[in-house]
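# Overview (structure and organization)
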Amino acid sequence: MIQGFCRDFNRSAVIFLLKNTKYNFRFAMSHVGVDKKGNDLNLMLMVTSCAIGGTLQYGYNLAIMNAPTIFIQNFVNETFRERWDVQLKNYQVTLVWTCIVSIYSLGGLAGALIAGPMSITFGRKKTMLLNNIFLMLSSLLALTSRAAKSFEMIIISRILVGINAGISMNVQPMYFGESAPKHLRGAASLSSAIFTAFGVVLGQVVGLREILGSEPCWQYLLASNAIPGLIQLLTLPWFPESPRYLLIDRGDKEACINALRRLRGCEVQRSELDEILQEQAEAKGLRPSRPWELFADRNVRWQVISIITLSSAMQLCGNDSIYFYAYYVFKESGISPDMIQYITICTGTCEFTACIICNLLIERQGRKILLMGGYVLMTGWAIVFTIALCLEHKVEWMPYLSMACIFTYILSFGMGPAGVTGVLPTEIFSQTARPAAYMIAGSMMWINLFIMGMIFPFLVSELGEFCFVPFAAVCFLSALYVGLVLPETKGKTLSAIANEFHKLNYRGQDKQGLPAPQAQYQLGEVCHSTAL
């Protein structure tokens, strides 16, 4: 019954999303002053094409490693025995497996570091297309590793697919934020988080024993990430480059206008072009910033502090770790081990649904309230989860409360930090500083993901049922930082946002060199979703 419920729930979620995508997107466009004769389909399809081979890969490649754990560990053991006639001990097999899983984060860090220079040199769209070289090489190595009897090929494959994910996680939100109109900027950038969550669900489904999660098929499961990449290679070339990149970085006004016309499906609005021209004038004569230059630049001091703090908090808040506890909690609740794989799909679907809800709310409620609210709720649920773990053997119904905490924790993460964090670098940095800002944000995300993968087992062994107390502290401090420091960016031009941060960067000093915020501020309109 549970298996059938999970299948129906996942199917209903996808059908609902697909049915409402076009309506939600058009509703949003109708509220931002776009010519009603315009066709919003181009922007929607561009987002879908780019994200399928982009951030979807991050979630997908995280999820598909759960199902073949035992099979790959046996493969490693057999390889050692055939090569050197050595039978590995359990801790040695676990060490090799940990290396295979964790090396993905180091690949992601490398991808984040090269994403900025690539996006400047080749442009946003071409970088996404070139990124598939790493993906295809990774898939080829994973597919042939079993026949070659080489677990080293799996390790190299994970490094390459990590590089692919690191580039996508940085360049895709930049591409979307620069291509969408101002009032859809947050919703378009947040669609990256939606596809990340969808990738997790897709990876969980494909990893079922009935599909590719069986012993004979694990190499095909690891290589299946080539399919989304192939879809992107066939579809993304038909869409234009980022208009801001074309005008500000390349100085090609004609190409910028053509790109805007294609993305909007109508004649370019003068106000939108003027905003890009204003940013071009401010960036005139400036070369793209390097990451270390941002650290030394007082004009962006609090912007840098903000992305470092929030990118780190996104990984240190414990959302990925809660999946580790899911199996244990579901088992304690009386669910059979055979059925847990289907319940686990519901956890991924939960985050996917929450990201869609966040997309519906981000232009209505703003970034600050969603980000702060998400961390406040996560703090509360981490405390409740700790209490439930302490009392699970004393109170009969406590395991069910623990199971509820898992879903509510994931929901709270998806409705705030998961989506909003990736939007911020696009909105709080200028065109010349944006690639370097994404390099910093991406590096912090991948470094902290690697750290969490290394230390969480020790947290569990040392703290036991109190292992989520540090995560509650991280969430509380993050909510405090957002509430006290981070300004709202909804409905504001880049100049107005820069002026808000200028007050922080030069607190107590006379403001010079920036226009008054009233001249640049424009209230955001209600928009429902860019959906897919």
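Residues numbered from 1 in each chain as written. Predicted model: local features only at pLDDT ≥ 70, side-chain atom pairs only at ≥ 80, totals over all residues. Heavy atoms only, no water.

Now for the overall build of the protein chain. Across its full length, the protein chain holds 25 helices and zero strands. Within the protein chain, the fraction of its 532 residues that count as buried is 56%. Sequence separation of at least 24 residues holds for 83% of the intrachain contacts in the protein chain that already meet a minimum separation of 6. Surface exposure of the protein chain reaches about 22100 Å², of which carbon and sulfur atoms provide 65%. (Helix = DSSP H or I, 4+ residues; strand = E, 2+ residues; numbered from the N terminus. Buried < 20%, exposed > 50% of the residue type's maximum accessible area, 1.4 Å probe, protein only. Contact = heavy atoms within 4.5 Å. Areas by Shrake-Rupley, 256 points an atom, 1.4 Å probe, with all protein chains shown as cover.)

Note that Ser168 resides in helix α8 (residues 151–179). For Ser168, a relative accessible area of 0% corresponds to the buried category. There is a polar contact of 2.9 Å between the side chain of Ser168 and the side chain of Asn131. Apart from the residues within four sequence positions on either side, Ser168 is in contact with Gly53, Gly54, Thr55, Met128, Asn131 and Pro173. (Polar contact = N/O pair within 3.5 Å; in protein donor to acceptor, adjacent residues only side chain to side chain.)

Tracing the backbone through its elements, the reader meets Pro181 in the loop between α8 and α9 (185–206). Sequence separation between Pro181 and Arg264 is 83 residues, and the spatial gap between their C-alpha atoms is 8.6 Å.

Averaged over all residues, the pLDDT of the protein chain is 84; the fraction at 70 or higher stands at 87%. In the model, residues 13–38 has pLDDT below 50 throughout and makes 42 contacts with residues more than four positions away in sequence or in other chains. (pLDDT = per-residue confidence, 0-100.)

Turning next to empty space enclosed by the protein. Per the stated rule, a full pass over the model turns up two cavities of 30 Å³ or more. Looking at the largest cavity, its volume works out to about 60 Å³. At the level of secondary structure, the elements contributing two or more residues to the lining of the largest cavity comprise α7 (132–148) and α8. Looking at the lining of the largest cavity residue by residue, the classes come out as five nonpolar, four polar and one charged. (1 Å grid on protein atoms, 1.4 Å probe; cavity = no way out; pocket = protein on both sides within 12 Å on 5 of 7 lines; lining within 4 Å. Points joined across faces, edges and corners; volume = space filled by probe spheres on them. Nonpolar A, V, L, I, M, F, W, Y, C, P; charged D, E, K, R; others polar.)

Here we take up the packing of aromatic side chains. How two aromatic rings sit relative to each other is given by the distance of their centres and the angle of their planes. Taken as a whole and assessed by the stated rule, the structure comprises 12 aromatic pairs. With a centroid separation of 5.3 Å and an interplanar angle of 20 degrees, the aromatic rings of Phe80 and Phe151 are classed as stacked. You can see Phe80 sitting in helix α4 (residues 69–84) and its partner Phe151 sitting in helix α8, a full 71 residues away along the chain. You'll find Phe80 and Phe151 in the same group, each marked buried. A ring pair is formed by Tyr409 and Phe468, whose centres lie 6.1 Å apart and whose planes are at 90 degrees; its orientation type is edge-to-face. (Phe/Tyr/Trp six-rings, centres within 6.5 Å; stacked < 30°, edge-to-face > 60°.)

Here we come to the packing of helix α19 (residues 367–391) against helix α20 (residues 398–414). Two elements in contact, α19 and α20, have axes whose closest approach is 9 Å; the angle formed by their N-to-C orientations is 160 degrees. Our classification of the angle between α19 and α20 gives roughly antiparallel. Where α19 crosses over α20, the handedness of that crossing is left-handed. Packed against α19, whose contacting residues are Gly374, Leu377, Met378, Trp381, Ala382, Val384, Phe385, Ala388, Leu389 and Leu391, the element α20 presents Met398, Leu401, Ser402, Cys405, Ile406, Thr408, Tyr409, Ser412 and Phe413 at the interface. In terms of residue class, the contact of α19 with α20 is made up of 15 nonpolar, four polar and no charged. (Axes fitted to C-alpha atoms, helices over the stretch in contact; angles between N-to-C directions. Parallel < 35°, antiparallel > 145°, perpendicular 65-115°, else oblique. Left-handed = near helix turned anticlockwise from the far one by under 90°.)

Now for the pattern of salt bridges. Throughout the structure, instances matching the rule amount to 15 salt bridges. The salt bridge partner of Glu178 is Arg124, with a shortest N-O separation of 2.9 Å. A residue pair is termed long-range when its members are at least 10 positions apart, and Glu178 in helix α8 and Arg124 in helix α6 (residues 124–130) qualify at 54 residues. Among the residues examined, Glu178 registers a relative accessible area of 2% and is labelled buried. (Salt bridge = Lys/Arg side-chain N within 4 Å of Asp/Glu carboxyl O.)

A few words on the side chain of Lys490. Counting through the fold element by element, Lys490 comes out in the loop between α23 (469–484) and α24 (494–505). Of the side chains with opposite charge, Glu488 comes closest to the buried, unpaired Lys490, at an N-O distance of 6.5 Å. A distance of 3.3 Å separates the side chain of Lys490 from the backbone oxygen of Arg364, its partner in a polar contact. (Lys, Arg positive; Asp, Glu negative; His and termini not counted.)

Among the secondary structure elements, Leu411 is positioned in helix α20. When its relative accessible area of 28% is taken as the criterion, Leu411 is described as partly exposed. As a C-alpha pair, Leu411 and Cys355 span 56 residues in sequence and 8.3 Å in three-dimensional space.

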